[in-house]
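Coordinate analysis (summary)
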Amino acid sequence: MTVKSEKLEIKKATIDDLRFALSQGVADFLKTPLFGLFFGGIYAIGGIVMFCGIFVFEMFWLAYPLVIGFSLIGPFIATGLYEVSRRLGNDAELSWPDILGVIWLQHRRELGWMAFVMLFIFWVWMYQIRTLVAVFFGFAGFASFSGFVDAVLTTSNGWTFLLAGHLVGAVLSIALFMLTVISCPLLLDRDTDFVTAMITSIKTVLKSPFAMFGWGFFVIVSVTLSMLPAFLGLVFALPILGHATWHLYRRLIGASHI
C-alpha cells in the first residue's frame, strides 16, 4: 500500500499548482461522490456534536475558536479521501472494505502519531482560550451566549481578549498548518516516520510561502464558510479539499524510489 523512498524532493509551489490541485479535487469528488459524502458527513456530524456540547455545557467562549480550530484538523479526517485519490490515480479498484481497511491500519503506522500531534495542538488551542477568558473576565461564567458577546464587544477587556486570542490562535494555526499540510498524505503514501513527514511539510511551506499560506488561508475560509449552514457545507467542502490536498502533495513531493 505504500511506496518506499530514499530521498524526498520538494518542488516549489505556484498558483497554477493550487489551481490544478483544486480542479483535480473537484474531479475526484465527482467521480466518487459517495466516498466524499460519507467522510464529509462524518466531519459535519462531528462538528455539530462538538458545537452543541458548547451550548449544553455553557462554554460559549469556545464557539469561535472551535470553528477556526476545527478546520485545522481536517487533514487527518481526510485520510480516507487521500486513499480514494491515490487509487484513482493508480487505476486501482475502489471498495468500501479496502478504503476503510486502510484507515484502520493507520493506527499501526506513523499517521497515528501525526493524529496525536494534531489533537494535542487542538487541545492547546482550546485551553489557551479558557486561560485568556480567566485572565480577562475572571472565572465567573456567562449567563448566555449574548452576554458573552456583549462582554467581548463592549468592554476594553473584551477587545484586549480578542486581540490576544487572535495572536495566540494565529501562531498555533500557522504551526499546525505547516506541520500537517503535506505530512498527512505523505504518511499515507510512503514508508517514512512522522518527524520526517512534519519536517518535509515545514520545508514545503517555507520553500513556497506565498502559495502555501495562500492555500492555507483558502482552506480555512472555505471550511469556515461551510460551517455557517449548520456545518452542512462540510459535507461537500471536506471531500473537495481533501482530494485537492492529495493532488497538491503529489504535485510538490517527488522521490527516488527503492
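As shown above, the structure is provided for reference.
Residues numbered from 1 in each chain as written. Predicted model: local features only at pLDDT ≥ 70, side-chain atom pairs only at ≥ 80, totals over all residues. Heavy atoms only, no water.

In terms of helices and strands, the protein chain carries 13 helices and 2 strands. Since a compact globule built from 258 residues should have a radius of gyration of about 18 Å, the 19 Å found for the protein chain is in line with a globular shape. The C-alpha extent of the protein chain, read off along each of the three principal axes, is 60 × 35 × 35 Å. Per-residue burial over the protein chain gives 50% buried out of 258 residues. Contacts spanning at least 24 positions in sequence make up 79% of the contacts within the protein chain whose residues lie at least 6 apart. Positive and negative side-chain charges of the protein chain, numbering 16 and 15 respectively, have mean locations separated by a distance of 6 Å. (Helix = DSSP H or I, 4+ residues; strand = E, 2+ residues; numbered from the N terminus. Rg over C-alpha atoms; globule rule 2.2 N^0.38 Å. Buried < 20%, exposed > 50% of the residue type's maximum accessible area, 1.4 Å probe, protein only. Contact = heavy atoms within 4.5 Å. Lys, Arg positive; Asp, Glu negative; His and termini not counted. Charge placed at Lys NZ, Arg CZ, Asp CG, Glu CD.)

Further remarks concern the packing of helix α7 (residues 111-137) against helix α9 (residues 156-180). Axis separation between α7 and α9 bottoms out at 10 Å; the angle between their running directions is 170°. The angle between α7 and α9 places the two elements in the roughly antiparallel class. Considering only residue class, the contact of α7 with α9 consists of 17 nonpolar, 8 polar and no charged. (Axes fitted to C-alpha atoms, helices over the stretch in contact; angles between N-to-C directions. Parallel < 35°, antiparallel > 145°, perpendicular 65-115°, else oblique. Nonpolar A, V, L, I, M, F, W, Y, C, P; charged D, E, K, R; others polar.)

Turning to the packing of aromatic side chains, a few remarks are in order. Inspection of every chain in the model, using the stated rule, returns 13 aromatic pairs. Ring geometry for W113 against F194: centres 6.1 Å apart, planes inclined by 15°, an arrangement best described as stacked. You can see W113 sitting in helix α7 and its partner F194 sitting in helix α11 (residues 194-207), a full 81 residues away along the chain. Pairwise contacts between aromatic rings join F35, F38, F39 and W96 into one cluster. The ring of F20 carries the charged tip of R251 above its face, separated from the ring centre by 4.1 Å. (Phe/Tyr/Trp six-rings, centres within 6.5 Å; stacked < 30°, edge-to-face > 60°. Lys NZ or Arg CZ within 6 Å of the ring centre and 35° of its normal.)

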